[in-house]
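A look at the structure
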Amino acid sequence: MVDLPGDLCDLLDQYERYLRLGRNRSAHTVRAYLGDARSLLEHLCTRAPDSAISEIDLSLLRSWLAAHSAAGAARSTMARRASAARAFTAWLTHTGRLTDDPGPRLGSSRAHRILPAVLGRDQADSAMTAAESGAAQRDPMALRDRLIVEMLYATGIRVSELCGLDIDDVDRSRRVVRVLGKGNKERSVPFGLPADTALENWVTYGRAHLATPESGPALLLGRRGRRLDQRQARTVVHEVVSAVPGAPDLGPHGLRHTAATHLLEGGADLRVVQELLGHASMATTQLYTHVSIERLRRIHDQAHPRA
């Protein structure tokens, strides 16, 4: 790692404030973009210790990416670094530090889009049944765990959105949950009777046993009464799904993929699924159509006499 001059460290601090306050990016994205910006500046200083910000050009961006590629960076990582570089140079141009933005002319390899693993309908039913069985004795933790898997599968919401839910975000009369998604965009997502039953049992018999003054309005709680941590939710999903014979190892995002796939296989319109999942781009939602087509192809190959 190269020690950056004080003025470049100050520049990174300003960029971090911009990412956190001005763009509503997630903490993970802020860390990644900031790390890539630092790496780019270190590359600039390595080439010439007395280099100025104004010397960032297309040649520098390409040599920076080439160095990472030569070090064995994956295509997905290279695609992210290129995106981060474009965001950084756009900010430098907007703030007057660059007169010409080289970012738009920077090409990059597209990341491989890997088809996500999903549960079959029978496997999803088995996972929900396993969670329901575990909650039969009204143990508070088991009731909570059942609600976690039921709500993730019923709605397809992100694990961060699930853990961020407050009690008032759930409208049981209409069976709708209000979700605050990426970019602080709010959307309403419906859920079915099984999730509603799990919700009623958790609120009636489970949450009260774990709640403390620190719980606040959080819907889901950890063992010590604080708002449920995303890592705890991931552990719960992995444990529930691992009990299903033949099921792939899935976390909360796998249940989100599964919900979207089953919606499309059941005849849901692609734009409706986009709205339910909170995707900004239809291209992201279209990934699930490929999953459905792949499954149809496998069934066709197995069942058609002339496949």
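Whatever comes next refers back to the structure up there.
We now turn to the structure provided with this report. Fair warning: this is a prediction, and the values are worked out from it, not measured in the lab.

A short note on helix H6 (residues 140–155)
- The end-to-end C-alpha distance of H6 is 22 Å, a good match for the 22 Å that 16 residues give at a rise of 1.5 Å each.
- Just past H6, the residue Gly 156 takes up positive phi, approximately 75 degrees.

Section: the packing of aromatic side chains
- One pass over the structure, following the stated rule, counts five aromatic pairs.
- Taking the centre distance of 6.1 Å and the plane angle of 20 degrees together, the rings of Tyr 15 and Tyr 18 count as stacked. With Tyr 15 and Tyr 18 both in helix H1 (residues 6–22) and three residues apart, this pair spans about one turn of that helix.
- Overall, the relative accessible area of 0% leaves Tyr 15 in the buried class.
- Every member of this aromatic cluster is reached through a ring pair, and the members are Tyr 15, Tyr 18, Phe 88 and Trp 91.

Let's talk about helix H3 (residues 58–70)
- In a regular helix each residue adds 1.5 Å, so 13 residues correspond to 18 Å; H3 covers 18 Å between its end C-alpha atoms and thus fits that length.
- Looking only at H3, the buried set comprises Leu 58, Leu 60, Leu 61, Trp 64, Leu 65 and His 68.
- Looking at the buried residues of H3, the elements they touch are helix H2 (27–47) and helix H4 (75–94).
- The opening residue of H3, the one whose side-chain oxygen lies 3.3 Å from the backbone nitrogen of Ser 59, is Asp 57.
- Of the residues one or two after H3, Gly 72 is the one with positive phi, at around 95 degrees.

Considering the nonpolar core
- Ile 148, Ile 157, Leu 162, Trp 202 and Leu 220 are the most contacted members of the largest nonpolar core, which totals 46 residues.
- The leading source of residues in this core is H6, at nine residues.
- Residues contacting Leu 162, with those up to four places away along its chain left out, are Ile 148, Met 151, Leu 152, Ile 157 and Leu 220.

Re the state of the cysteines
- Throughout the structure, instances matching the rule amount to zero disulfides.
- We note that Cys 9 lacks a disulfide partner, and the nearest cysteine sulfur, in Cys 45, lies 9.1 Å from it.

Remarks on the environment of Val 273
- Mapped onto the fold, Val 273 is located in helix H11 (residues 270–277).
- Take Val 273: its relative accessible area is 0%, and that puts it in the buried class.
- Residues in contact with Val 273, not counting those within four places in the same chain, are Ala 260, Leu 263, Leu 264, Ala 268 and Thr 285.

Conventions adopted
- Residues numbered from 1 in each chain as written.
- Predicted model: local features only at pLDDT ≥ 70, side-chain atom pairs only at ≥ 80, totals over all residues.
- Heavy atoms only, no water.
- Helix = DSSP H or I, 4+ residues; strand = E, 2+ residues; numbered from the N terminus.
- Expected span 1.5 Å × (residues − 1).
- Phe/Tyr/Trp six-rings, centres within 6.5 Å; stacked < 30°, edge-to-face > 60°.
- Buried < 20%, exposed > 50% of the residue type's maximum accessible area, 1.4 Å probe, protein only.
- Contact = heavy atoms within 4.5 Å.
- Polar contact = N/O pair within 3.5 Å; in protein donor to acceptor, adjacent residues only side chain to side chain.
- Core = buried A, V, L, I, M, F, W, Y, C linked by side-chain atoms within 4.5 Å.
- Disulfide = S-S within 2.5 Å.

Purely geometric numbers; function is a separate question.
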